[in-house]
Structure formats: structure tokens, C-alpha cells
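Chain residues, written in single-letter form:
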Amino acid sequence: MCAAKVKMRQKKLRNQPTSVQFASSSVHEEGGPHANGAGGDGPSGKDPPSVRKKRSHQETGWVRGHQKGGTGRVYADKMPQFLTAGYFARARAAEVNAMLKAVTKTTASCHVFGALPKHMRRRAMSHNSKRLPCRLREMANRMREKCLQGSVKKKEQAKNKSRKARRRHGNMLLEFNRRQRKNVWLETHIWHAKRFHMVKKWGYCLGDRPTLKCYRPSYRAMSTHCLLQDLSYYCCLELQGEEDKLLDCLSQLTSKEAGPTFAQGLCLSGQRQGSVMLYRAGQFPSQPLGPVTFLWRPRTSGSVHRQLWTWVHPALKQEILTEFQSVCQCEAVVPPPVPLVKHAEVVSSTDSEPKPDKEREIKHRPGTKRKQSRTDANGPHAKKILGDGTRSPDTPVTWKSPSTGILINDLTMEIVRYRLIGPQSHSVLTDALEAATDCDEMSKSQPSCFWWPDHCKEESKMTLHQQQTDVFHTLKGIYSTTELPPGSVLGLTVDDPRLTIPTKRVKALPCVKEAQEVDDEKRKELSLRGVPEHCCQSFLWEESVRNNVTENKISEQDLNRMRSEVLVPGSRLSPVPLQGRVPILLVHQPGKQLGHEMNSWGAGWDLLFPKGWGMAFWIPLVYRGVRIGGLKMSRTHSQNKGVPLFPHDYPDCPAGARFQEEQESELLEKFKRRPPAKRTNYIKHGCLAPFCCPWQQLAEEWDVIGSDREERKGDIQAKSTTRGDTEMQSEITSPHDVPEMKLQTHFTVLRNRKSLRLLSSWCRPTSSKGQRSYRVGEMPPLDHTAKTSFQTSHGMSLVWVRLSLLSKGKPDLHAMVSVPTADDLKLLNKSPGSSGPQEPPHRDHLKSTIKHDKKNKKGACDKTKSKDTPSLEDPQLSCPASDLVLGVWPNPLPSVTSHCSRVTLGWVTQADFSLSAGCGEALGFVSVTGLVQTLISQPVEHRGMVLLRNPVSLHYRFAKINIEV
């Protein structure tokens, strides 16, 4: 018998008493220490270790396998000559004690199995006593209760409902409402959850990207047809009050130097939607909050009361709302308490009402489903959450100023907003929507709880509706959405879009016949002047109309029943139900407005309508052949337009700083999950910040360099680190080699329109691949005087730039933008198709430190420690060795500008291969001071040329820098 099996057998029998052993050896026969069946050490029968090692299976008489005698053990034929009573009694007493202990120890109802035949013994019976025979159930329950007395009783979980019960409509709504306590769902959440990868961001559960591969089809839809997105997670803040007081309060948050404000003429009239960058009150250009789009309600004759909607990102909502309350001096209006009615009171009140006799006599007819009556329901009825149902009833949503009379309302999730991107967005809208039809005379004469019959009684309102309908029909004659003025607004009332949904999915395209029927004069006037001011009015602004439309929406069940009663199957319902009219707003979204290429690319329409109608509009739009996009397509859309995306590309805003911290932690955790041998060593690549961009350190270092470069030249050269092998170690362990920084303010992003135009002209704007230059108006030339004045005004600023690679290559996130040397530019002159220089590899001296720390954790002592390896207790290390990550620089970082062989200007925040430009493009920020000094030192023919290097590569590539204004 092998040693492993001997150990296994001893392990199984370690708790059992040793039986009498009859050994056949001469020692035993002569009355040795084992002659009585008990071990020499006492009643346990165990041999001492020295004897146990020498004895083999031949001495003990144990033979492996089945023997002829029916047993696996061979005993000696000779009987012992005598027995010692004491040893024998102790051995038997041990057996009796073990047997009593095994009998008295009970675990659940397992002892009941002794009364069952072997074919009925099942493991499930020990957990469920109902599986046992009736005669044994009572005994099993008693023994189970007895076992639980000494232990803590576990809380019995409720039995799960069956799938049929869980799939009931009311139970599903209750479950959906429970799951929305942490993350709010949009009205199209169920549709997206079946087809998209969902992410939880900003308190919402949003669709990031489809489960199928559709990157190129989505770009093709944005370029040639239409892409649909659900932007209902954007928060709407409403301001009401007198126009002068509103403008006075809001002017504290904006500046004319950064572009148009809330007081822009066309936007103030309600004909255009505007966008503005908000700052804290009186703090421009520092302390920015974020971008906001706004829309004024058109003026009404004889009234100075105005209404303003501001659409903000959910990550920005709280800061903007707090600033609005501060400048408008508003106080919270506590909502009235909602009376709580108990279920018993509801049941008693319903039982007291008289019931008709017919309802009592209703009996269940065979062949029909038995439905549960309302009076028999024990629980509250499930009601679908509309709007932001996660807020408690006591949360204020209204703020009012006693001095200025300004009223602020939080309309988050009260208005649904869809965005259609593409040149055929207007064709999709005109095909899916139809203007509301007039009511008949009978409906006008009778009183109604719906809003549309009362609206039809007034002749002036119907005249305005007819004018809006004519403008909407004029859209059918327009070739592309880009022909309309940017930001145009059209108010309209449409019929229920579910009435005209096609039987199968079709692709909406402009109709030639309908386009010929449109008057050319109206089409030209619409393209040049936009929508008239009186046609921008909509009943969506009125809260009473929105609530009426939401509460009286026709359910799918009633709509299908009405369709089944139509004489001709598949035809439209006529007349349209009175509750099937919905007020909407169509807001034109401008496309690319920066630079000289791809003008108006990505233009489209935003569709606004009341809550509760999300899927009623979504499905008809999907059936018109649109492509659906998520958050990833929003990033692609902004990248092709060349505009920053919030909050990704707003590092100077609080929301942008929070996003950068979250992104850094996510990328670092993803980096740690990979084994060290299969991930990039960023220290050897010379990349200090692969997961974030230290903008503050970059701005401070360039400000020190540019403030007095001549005076501090000697100090910088003396304190700057070299790439030598011996001095590299001192740089790693001492981050104080950076030039001494003076106390500076927080960095800002340059948004002054005049300064941006001047800087753009100095960069010589060119096409995507730098093939042709564009003429710019007369601007002051770049000389030392202009450079000094510009640096004095914007020393701690960053500027948003677009980088286009001159050769092959695809830039990545957080790629480094560097300054080319004179030799690099000569290489570009010799071979214009050159890809670029190489960065010499760096040495990773932290690798030995991390490995030595791991050895110490395991208990290994490294006696032959190298002298070059820094000590773990070295005070120059900013963090303990246990916190170091292999391949990543610890904080604080050394000099970010002079760490590599090429001076660093900035980093990239958006990067990909551009399908529109046909080359790799990147968007990011560079230091204004560094950019100006780079431009003035470069020759005119190479002005604006920089180097781009990915964090995982040592290869620099030439790129052209452009500042589009």
C-alpha cells in the first residue's frame, strides 16, 4: 500500500477508536506492549512514532484489495495467551463513548433516514421535510427545531414568485420602479437595454454603444441619412420673470469676450437657440462652470413676462442651479405635503359606495380569463414612474425671489428630448409626423377635459396652427438639413405618431413630387431668414397643457382595440381621438461651424415633447430607417465637428476635474488587472501620465519658463535633469528637481474670441493633412513684442487645438504633443513623407524597488542587495514601496516638460482615425505660452508643426496644429 493511501486511511479513521489487533509477530506472542489490543501508550491503541515508522503493512497484517475470505484484512491464527483487564476495558470504553457521541449528535433531520429504505433516501429530504413520508414529518420537524435552538435563527427568505407572476405587467412595473432608486431610467430604457451596452453615469442608466458592430454605418448615417439619440437625461431649468431683471441677473454669469450671451438679438426673440459658457458670478475668465444651451419663449403682445429654458448636463446641474439661486436671490418653495391614505381607508371607502346590480351578478363565463377585481387587491396598484420619480415629495423643485419676482423651476425629466443628426433629418420628421387635424363641430360644442377642443374654438390659435403647418410642409422641399439657418425653432402640434406607423421598416428619403409642389419662394425665404417669429410659439411651454397631454395619453391596448374596429384593416383611424394631439418643438442643431472644412457637417434637429410619450415617438422614428446611437457616437460626433465634449474636454470646470479623476481610477484599475509581463511599462517609454493629464503642472512649468527665460536660464540648466544613467536615479527619487514654482492661480482654458483668432492666424490654418493653406484676414504679425504681451495676458492658459497627422498612424488617448527640434524639421524637409524621429528608451529604476518589496512581504531576505537600488526607507521617496505600481510613475511627478528628449506642449483628450478627413486626427490642449514660443522659433514654412507620440510607443509622428475659430 502506498504512503498516500495509508495517510488517507488514517485520516478517515482518526476519530474512530482502535479495535483489538491480533499481531502475528513473535514480540506480540511473547506478551509485548501490544498484546492486549491496546496501544502501548494507553487505551487509544496508537503506537509511538518510532515504532509506527518501522512497522509495515506486512507486520500489521493489513493487505490491500479483496481477499478470498471476504475481507481485506488478514489476522493471525494464534490467539493471545492472556489479556490485561485494565487496557482492554479502557479500549472498550473509548469505543462506547465515541458511539454515544455519534448517536446524540444530530444534524437537521438526517437521523430520520434510518427509518427509510435505501431507495427513498435523497439529499433534498434533509432540507425539505415535506418530501418525507407523513409518519416521519413530525419527528423531523421536532429534531430540526431542536437543532436550531442553540444557533442563531436565520431570516427565512420569501419564496420567489413564479415566472408567470413576475412577468405580469403590474409586478414588472413595481420591479422596474425599485431598480430606479439609484439610477434613473429613460423612457426608452427597455428598448436600449435589449440592444445596447448600458452604463451607469451621472445618476442615469444610459446606452453606451450597440451590441452589434456599427461604427462605420453610424458615421455613414450621420453623413448621408440620419442618426437618432435620446438626450432626455439633459436637465432643463426654467426661469420666469421680467426680461430686464432676468438679463441683469444672468449677465453676471457670462462675458461678451467669450461669445454671444443670453441677450443676443435673434435668441432673445425666440427664433434661435443659443449656447453660452457660464462662469461663477463676476469671475470671468477664471472659475468656469460649463456650457449651457438656452431657448427663450417668444414674446406675447402687451407683456414683459418672459420664460427661459436652459439645458444643462446632469454632471453640471447642481453647480448651475446653485449659481442661479445666488444671482437671482431665490428661496426654496416648500411643496405642500401629500396626504397619506392608508389602504384600509381606501378599501372601506370603496366598499361603502353603492354598486350596480349588474356588476354583482357578473359570473365567470367558461372560455374567458378570470381577472382579479380591484376590490380584492391587497397591495397598491403599480403605476409607471413618469419624470424624475426618484425625488421624494418633500424635495423642492421651485425657487422664488421675493425681491425680483424671478421663479426657477426644475423640469428635469419633464420634457423628452430626441436628437436627429444627418442631412435627411427633416425628411424623417416630415414622414413620421403629421400636423394635427381640426376637431369637428360636435366636439367643439360639447365640454371636454382635453386641451385640443378648447384650442380649436379660438380662430387666432387655429390661424397660427395653419401657418406653422405650412412651414412644416415647406421642409419637404429642402434638399438637406444644412440649408436651414442654425438654431431655428419651429412650434407645432401633431397627431399621435402611432397612427401613421408603417407595417414594416422603411427608409425615409425626400420625395421628388412633394418637393416640386412646395413653392420656391417659401423655400428660399425659409433657407435665408428662417422660421418667422410668430411660428416659434408652442403650447409645450404651458405646464397645464403638458400635464393634460401626459395624463390623457391613449394606451396601447385601447389604440389596438380601435384599430381592430376599423372597416379597412391597416387604414388610419378617422377621426383622430381627441386626446391624440401633442404639442412639440423642433429646434435646429447647427453642424460644424469651426474652421474651413466640412462646414455644417453633423447638422440636424432636436425634437421636444411632453413626458410619457417617449416610446410613442421613438418607434415611428425607428421605423423610418434611422440608425440609433449612444454615448460613444456622441464622442465621435463631437470629434468630427472639432468641438470639445462635456465633461471630457473641460478640465478647468469642476465636473471636468471629477471626470478626469474617475477616468484615471478606471484606467489604472484596468491596467492593474493585467499581469506585469503583458502590460506596457510606461516608465521605460518616458510617459509620466498615461492615465491622466497634469494640466496644472504643465501650465505652471511653462509659466515659469516663459516669465523670465533669460534670467532663469542658468538656474534651469543647473537644476534640469539629464538622461544619464547615474543622474536618472536622483530624478526618480527626488521630484524637487523641477524649477522652483512661485504661487500661481489655477489654470484656465482660453475662450476669448479675439485672442483665439489672433493665435489661429499665427498657426497658419491649413487643411486636414496640411496640403493647402487658408487665407486669414489681416492680423498683427508674430514678433517678440506681440509674444510678450500675449504671454502676459494668458500665461496660465491652455488652448483647444486640432492635430492632423501628416503620415500614417492613429493617435491614442493621452498622447503627448511635443516640440520638434531643428534636426527634426530638417528631416521633414529632406523626406516630406517621413514618419518622425524616435525617443530613446528610458530606464526603470523603480522595478528593483518593487520586486524587493514583494520579496520582503513573502519573508525572503535579500542579503545581496545592490547599492544602486534605492532603500525602501529612503525619505526621498514620496510614497511607500507598497503603493508603487510596476511601470507607472508615482506622485508627485518630475518635470513634465523636460522629461523626454522633446519638450512637451500638452496632451490629447480625443483621438481616432477620422473617416471624414482620411487621416488620424486628435483633439486636445496645449500650453499657450509653450505654443507661442514654439511658433516664434520655427521657420515660416514649418510654423505650426509639432510631434505626436502615443503613450505605448517610442515613435514620434509629425502633425499639423490648427486652432479653429
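Quick caveat: nothing in here was measured; it's all calculated off a predicted structure.

A. Up close: a nonpolar patch on the surface. Among the surface-exposed residues, V96, M99, L100 and V103 lie close enough to one another that they form a single nonpolar patch of about 380 Å² accessible area. Turning to its location among the elements, V96 is positioned in helix 5 (residues 85–104).

B. Structural context of the pattern of salt bridges. Scanning the entire structure with this criterion turns up 30 salt bridges. Close ionic contact of D812 with K810 constitutes a salt bridge, the shortest N to O distance being 3.5 Å. Taken together, the shared-partner salt bridges in this structure form one network comprising E434, D495, R572 and R581.

C. Spotlight on the environment of P217. Along the polypeptide, P217 turns up in helix 10 (residues 215–224). Take P217: its relative accessible area is 22%, and that puts it in the partly exposed class.

D. How the structure looks around the pairing of strand 4 (residues 227–230). Alternating positions in strand 4 separate into two faces, L227 and Q229 on one and L228 and D230 on the other, with burial throughout. Strand direction decides the pairing type here: strand 4 and strand 12 (residues 415–421), joined by four bridges, are antiparallel. Within strand 12, the position partnered with L228 by the bridge is L420.

E. Representation of the sheet that holds strand 13 (residues 489–495). Strand order across the open sheet formed by six strands is 13-14-15-12-4-16, with mixed pairing between neighbours. Two strands lie at the open edges of the sheet, namely strand 13 and strand 16 (627–628), each paired on one side alone.

F. Representation of the nonpolar core in the model. Of all hydrophobic cores here, the largest spans 59 residues; its most connected members are W309, Y418, I584, L607, F609, F617 and L621. When sequence neighbours within four positions are dropped, the list of residues in contact with L621 reads L228, Y418, L420, V428, L429, A432, L607 and V626.

G. Spotlight on helix 31 (residues 784–793). Within helix 31, burial applies to A786, K787, F790 and Q791. Within helix 31, the buried residues cover an arc of 125 degrees as seen down the axis, which keeps them to one side. Seen from the buried face of helix 31, the exposed residues on the opposite side, beyond 90 degrees, are H784, T785, T792 and S793. On its buried face, helix 31 sits against helix 27 (695–707), helix 30 (753–762) and helix 34 (928–937).

H. Molecular detail of the packing of aromatic side chains. A full pass over the atoms with the stated rule returns 23 aromatic pairs. Seen from their ring centres, W191 and W618 are 5.5 Å apart, and the 70 degrees between their planes marks the pair as edge-to-face. Of the two residues, W191 sits in helix 9 (residues 189–193) while W618 sits in helix 24 (residues 614–622), which places them 427 residues apart along the sequence. This pair shows no difference in class: W191 is buried, exactly as W618 is. Where W800 meets F925, the ring centres are 5.1 Å apart and the plane angle is 65 degrees; that geometry is what we call edge-to-face. Pair noted here: W800 is in strand 18 (residues 797–805) and F925 is in strand 21 (residues 919–927), with a separation of 125 residues, a long-range link.

I. Local environment of the side chain of S425. Its location among the elements puts S425 in helix 16 (residues 425–432). You can call S425 buried: its relative accessible area is 0%. Setting aside residues up to four positions removed in sequence, S425 forms contacts with H225, C226, L420, T481, A603, G604 and W605.

J. Summary view of the sheet that holds strand 11 (residues 407–410). Reading across from one edge, 6-7-8-5-11-10-9 is the order of the seven strands in this open sheet, with antiparallel pairing throughout. Pairing within the sheet leaves two strands with one partner each, and these edge strands are strand 6 (274–279) and strand 9 (331–332). Pairing between strand 9 and strand 10 (residues 398–400): two bridges, direction antiparallel. Residue A332 lies in a different strand from strand 10, and its bridge partner there is W399. Where helix 13 (residues 317–328) meets the sheet, its contacts fall on strand 5 (235–242), strand 6, strand 7 (288–296), strand 8 (305–312), strand 10 and strand 11, and the angle it forms with strand 5 comes to roughly 10 degrees.

So, how was this worked out
- Residues numbered from 1 in each chain as written.
- Predicted model: local features only at pLDDT ≥ 70, side-chain atom pairs only at ≥ 80, totals over all residues.
- Heavy atoms only, no water.
- Patch = residues over 30% accessible without salt bridge, like charges linked within 9 Å, V, L, I, M, F, W, Y side chains within 5 Å.
- Areas by Shrake-Rupley, 256 points an atom, 1.4 Å probe, with all protein chains shown as cover.
- Salt bridge = Lys/Arg side-chain N within 4 Å of Asp/Glu carboxyl O.
- Helix = DSSP H or I, 4+ residues; strand = E, 2+ residues; numbered from the N terminus.
- Buried < 20%, exposed > 50% of the residue type's maximum accessible area, 1.4 Å probe, protein only.
- Pairing = 2+ DSSP bridges.
- Core = buried A, V, L, I, M, F, W, Y, C linked by side-chain atoms within 4.5 Å.
- Contact = heavy atoms within 4.5 Å.
- Arc of directions from axis to C-beta.
- Phe/Tyr/Trp six-rings, centres within 6.5 Å; stacked < 30°, edge-to-face > 60°.
- Axes fitted to C-alpha atoms, helices over the stretch in contact; angles between N-to-C directions.

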